[in-house]
Amino acid sequence: MALAFLPSGFFAFGLFVSGSHIAVSRDLERIEEARIDQNRTRQISPFVARRLSALQEAPRKQTRYFERPVPMLTLFHTPGACSQASRIALEEAGADYQVQLVSFATGDQHKAEYLAINPRGRVPALATENGILTETPAILLYIAQRFPEAALAPLQDIFALAQAQSFNSFISSTLHVAHAHGRRGNRWADDPGSLEDMKRKVPETVAAAFTQIEENLFKGPWVLGENYSICDGYLHTVAGWMESDGITPTRFPRLLDHRRRMEQRPALQRLNATENL
Ligand SMILES: N[C@@H](CCC(=O)N[C@@H](CS)C(=O)NCC(=O)O)C(=O)O
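Criteria and cut-off values
Residues numbered from 1 in each chain as written. Predicted model: local features only at pLDDT ≥ 70, side-chain atom pairs only at ≥ 80, totals over all residues. Helix = DSSP H or I, 4+ residues; strand = E, 2+ residues; numbered from the N terminus. Buried ≥ 20, exposed ≤ 12 C-beta atoms within 10 Å, placed from the backbone. Contact = placed C-beta atoms within 7 Å. pLDDT = per-residue confidence, 0-100. Near = placed C-beta within 6 Å. Nonpolar A, V, L, I, M, F, W, Y, C, P; charged D, E, K, R; others polar. Expected span 1.5 Å × (residues − 1). Bend = angle between axes of the 7 residues up to and from the residue. Core = buried A, V, L, I, M, F, W, Y, C linked by C-beta atoms within 7 Å. Domains from an automatic or database assignment.

As annotated in an unreviewed UniProt entry, the protein carries the name Glutathione S-transferase family protein and comes from Kiloniella laminariae.

Engineer: What's the story with the environment of Gly 233 in this structure? I'm lost.
Structural biologist: Note on placement: Gly 233 falls in helix 9 (residues 230-239). Looking at Gly 233, the number of C-beta atoms within 10 Å reads 27, which means it is buried. Residues Gly 233 and Leu 268 lie 35 residues apart in sequence; the distance between their C-alpha atoms is 8.9 Å. Excluding residues that lie within four positions of it along the chain, Gly 233 makes contacts with Ala 85, Ile 88, Ala 89 and Glu 92.

Engineer: Sorry if this is basic, but what is going on with the confidence of the model for the protein here?
Structural biologist: Predicted coordinates in areas of low pLDDT are best not read in detail. On average, residues of the protein score 82 in pLDDT, and 73% of them are at 70 or above. Taken together, the stretch residues 51-70 has pLDDT below 50 and engages in 32 contacts with residues farther than four places along the chain or on a different chain.

Engineer: Would you take a moment to explain unusual backbone geometry for this structure?
Structural biologist: Phi is mostly negative for residues that are not glycine, and the peptide bonds are mostly trans. With omega at 5°, the peptide bond leading from Val 123 into Pro 124 counts as cis. Inspection of the secondary structure puts Pro 124 in the loop between helix 5 (112-115) and strand 6 (125-128). A cis geometry characterises the amide bond from Gly 220 onward to Pro 221, with omega recorded as 0°. As for its position among the elements, Pro 221 is in the loop between helix 8 (192-217) and helix 9. Despite not being glycine, Glu 135 has its phi angle at roughly 80°, a positive value.

Engineer: Even after reading the chapter, I still don't get the site of the ligand, so can you show me in this structure?
Structural biologist: In the vicinity of the ligand, the contacting residues are Ala 81, Cys 82, Gln 109, Gly 121, Arg 122, Val 123, Pro 124, Glu 135, Thr 136, Ser 172 and Arg 184. Within the shell around the ligand, the residues separate by chemical class into four nonpolar, four polar and three charged.

Engineer: Is there a simple way to explain helix 8 in this structure?
Structural biologist: Since the α-helix packs 3.6 residues into each turn, any two residues three or four apart lie on the same face. Its 26 residues place the ends of helix 8 35 Å apart at the C-alpha level, agreeing with the 38 Å of an ideal helix rising 1.5 Å per residue. Most pronounced at Val 202, the bend in helix 8 amounts to some 45°, and the proline Pro 203 follows within four residues. Residues Met 198, Val 202, Val 206, Phe 210 and Ile 213 constitute the buried set of helix 8. Elements that come into contact with the buried residues of helix 8 comprise helix 7 (158-183) and helix 10 (253-263).

Engineer: Even after reading the chapter, I still don't get helix 7, so can you show me in this structure?
Structural biologist: The terminal C-alpha atoms of helix 7 lie 37 Å apart, and with 26 residues this matches the ideal 38 Å at 1.5 Å per residue to within 8%. At Val 177, helix 7 shows its maximal kink, close to 35°. Buried residues of helix 7: Ala 164, Phe 167, Asn 168, Ile 171, Leu 175, Ala 178, His 179, His 181 and Gly 182, and no others. Here the buried face of helix 7 lies against helix 6 (136-146), helix 8 and helix 9.

Engineer: Hey, could you run me through the nonpolar core in this one?
Structural biologist: Soluble, globular proteins show a tendency: their nonpolar side chains are buried together. If you look at the biggest cluster of nonpolar residues, it comprises 52 residues, and the most contacted ones within it are Ala 89, Leu 140, Ile 143, Ile 230, Cys 231, Tyr 234 and Val 238. The greatest single-element share of this core, amounting to six residues, is contributed by helix 9. Residue contributions to this core reach at least three from each of two domains, namely domain 1 (2-150) and domain 2 (158-274). Sequence-distant contacts of Ile 230, defined by excluding residues within four places in its chain, comprise Ala 89, Leu 140, Ile 143, Ala 144, Leu 152, Ala 153 and Ala 164.

Engineer: Explanation requested: the environment of Thr 211 in the structure shown.
Structural biologist: Tracing the chain through its elements places Thr 211 in helix 8. Classification of Thr 211 by C-beta neighbours within 10 Å gives partly exposed; the count is 13. C-alpha of Thr 211 to C-alpha of Phe 252: the two residues are 41 residues apart in sequence and 7.4 Å apart in space.

Here's what the structure looks like:
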């Protein structure tokens, strides 16, 4: 895993090549997919279009007989934000990836360079050789499918996979939105009284979402039962917001146990030890 900072390292992604290698034939398949996708991607961002052109040029200029470096997956991430869930999944997958830090303190998410990556101005975004992905549940599923050997989702069981998606969607569309009413109330209201009212309601609405997880959705010892999955890193990320949302974690003993289990996982320990982000 590599780490870089915005904005100085911002355009590094366009040029960066990882130490990982894949067979040329697989690479060419990806280039072909990227070519098919190119028109659509161009509409999203000129930055991505430039990246795809570089990809198309690359195999002709580089080796014919050997494996060649491919662009590294790049996660646009802000410490403490929901992008941590994607970071945990990449680490659990053993992926070769780099992190580009997006600083909310300096408003990086609203700058033109980042809006070219994600026009919604939010993290996470994951840059891949096929284009840029946003929205945590989609990124998590992509990682699970891209690294099937890591067994981060029940890919062969359509019902269990739908349950995983159901869980992640609940976090993204209900729990996270309730949490955002505390700090990002200005997405929905301007009146100071309305903002205060939304903020006051956060401990109640976020706790209601955690109650649903504790009592109904969480199977234990992991979210989906016996097997760890992409849902666990996502749960761990948002459960880490409890204290700042005015919720006492001991109200949710199963989730507290989950927090302890997560902290014992080597992937999380690696992340905490290297950057403590
Ligand atoms: N639905 C998106 C939500 C992403 C989101 O709201 N990210 C927050 C951080 S947790 C963000 O980037 N906020 C920056 C801002 O609102 O300016 C997802 O699940 O990925």
